[in-house]
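Analysis of the macromolecular model
One-letter residues, chain by chain:
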Amino acid sequence: MKSFLNVQDLGDLKAALAEAAELKANRFKYDTLGKNKTLLMVFFNNSLRTRLSTQKAAMNLGMNVIVLDVNAGAWKLETERGVVMDGDKSEHLLEAIPVMGSYCDIVGIRSFAGLSDRDYDYAETVYHQFEKYSGKPVFAMETATVHPLQAFADLITIAEHKRPHRPKVVLTWAPHPKSLPQAVPNSFAQWMVEADRQGLPLALDGAEQGIDFVITHPEGYELDPAFTRGARIEYDQQKAFEGADFVYAKNWSCPGIGRYAKDYGRILHDYHTMMQWTVDARHMAWTNDAHFMHCLPVRRGMIVTDDVIESPTSLVIPEAANRELSATVVLKHFLQEM
Ligand code: AN0
Ligand code: CP
């Protein structure tokens, strides 16, 4: 593996889940694999979980870790090629990337969507520049369109909470006061569809395979079919929730598909309409005693009510804890192929 952006980069999901389980039983099993290898984590945006869990994962494997917060102490970076740099940006990414690459063996990148130019965001311009110019393996720590370490941790969490039958997993849009990227729902959809395609044994008896995966959102929030092809879309939130075993809530801004192209990155509805989608006890009563999931950070009272996130079926804390496992498996793959 030279790059980790999509579910296909990891390959066999059954094997990856087995590796995660092996590491959960002993997270230091490969503690010499990364000796004298250095991970560089580059953050263009804030983070709590990704920063801590990925650093911990690298430490589990015996790696050294350096972290750069681009917006806190580094030179302000120009990312566009062909501009006259007479503004406030002192350094170009095209020099900064090979310099950063020269100090490390693997590079992790957090670089969110700007949400103003869909083509620029969906081309993963910043990530691909790191791939091209760092000379090192690169992985996404949430880029413009994907968050695979999160989706892998989500899959691990679902596999750890098996039901007697093939699980029904519902990705539901939920309200938020600011425009957010589509990276988390894009990856979640991509990983759920692929887990179903690979026929993962996610029921308790191991006989029933795959996932019944449904996405629900108000009109205009249709995700890019490149990520959702194979999933069912149900605009009626109640119908989607009926019989659900897992409810995965997330806000995202308009993905700008079809006739919503000019609305890319926008919030489409008024406050009152939006707030009907908050996951509360009434919504959860429609489900099959579903587990509540969210990648965090979450806004209580907007995405989910206090009682739902605090209920015994909420998985938000174990889900976040599993970020250490997903990152350890991914770094282990890189190190084993060096
Ligand atoms: C980010 C997002 O929605 O992509 C990060 C989530 C892991 N969330 C916020 O910026 C609140
Ligand atoms: N879920 C997640 O990636 O959280 P952070 O933004 O805190 O890293």
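Quick note: structure is the one above.
Each value, and the rule that gives it
Residues numbered from 1 in each chain as written. Chains lettered and ligands numbered in written order. Predicted model: local features only at pLDDT ≥ 70, side-chain atom pairs only at ≥ 80, totals over all residues. Heavy atoms only, no water. Near = heavy atom within 4 Å. Polar contact = N/O pair within 3.5 Å; in protein donor to acceptor, adjacent residues only side chain to side chain. Areas by Shrake-Rupley, 256 points an atom, 1.4 Å probe, with all protein chains shown as cover. Nonpolar A, V, L, I, M, F, W, Y, C, P; charged D, E, K, R; others polar. Axes fitted to C-alpha atoms, helices over the stretch in contact; angles between N-to-C directions. Helix = DSSP H or I, 4+ residues; strand = E, 2+ residues; numbered from the N terminus. Parallel < 35°, antiparallel > 145°, perpendicular 65-115°, else oblique. Left-handed = near helix turned anticlockwise from the far one by under 90°. Contact = heavy atoms within 4.5 Å. Expected span 1.5 Å × (residues − 1). Buried < 20%, exposed > 50% of the residue type's maximum accessible area, 1.4 Å probe, protein only.

**Here we look at the site of ligand 2**
With respect to spatial proximity, the complete set of residues near ligand 2 consists of S47, L48, R49, T50, R110, H147, Q150, C295, L296 and R323. In this structure, an oxygen atom belonging to ligand 2 sits 2.7 Å away from a main-chain N or O atom of L48. Isolated, ligand 2 exposes 250 Å² of accessible area, and the fraction of that covered by the protein chains is 93%. Taken together, the residues of the shell around ligand 2 break down into three nonpolar, four polar and three charged.

**A short note on the packing of helix 3 (residues 49-60) against helix 15 (residues 323-336)**
Two elements in contact, helix 3 and helix 15, have axes whose closest approach is 8 Å; the angle formed by their N-to-C orientations is 50°. Accordingly, the angle class assigned to the pair helix 3 and helix 15 is oblique. As helix 3 packs across helix 15, the resulting crossing turns out to be right-handed. On helix 15, the residues touching R49, T50, S53, T54, K56, A57, A58 and N60 of helix 3 are R323, E324, A327, T328 and L331. Grouping the amino acids of the contact of helix 3 with helix 15 by side-chain chemistry returns four nonpolar, five polar and four charged.

**Comments concerning helix 15**
Taking 1.5 Å per residue as the helical rise, helix 15 with its 14 residues ought to reach 20 Å, and the 20 Å between its terminal C-alpha atoms agrees with that figure. Counting buried positions over the 14 residues of helix 15 gives 13, a clear majority of the element.

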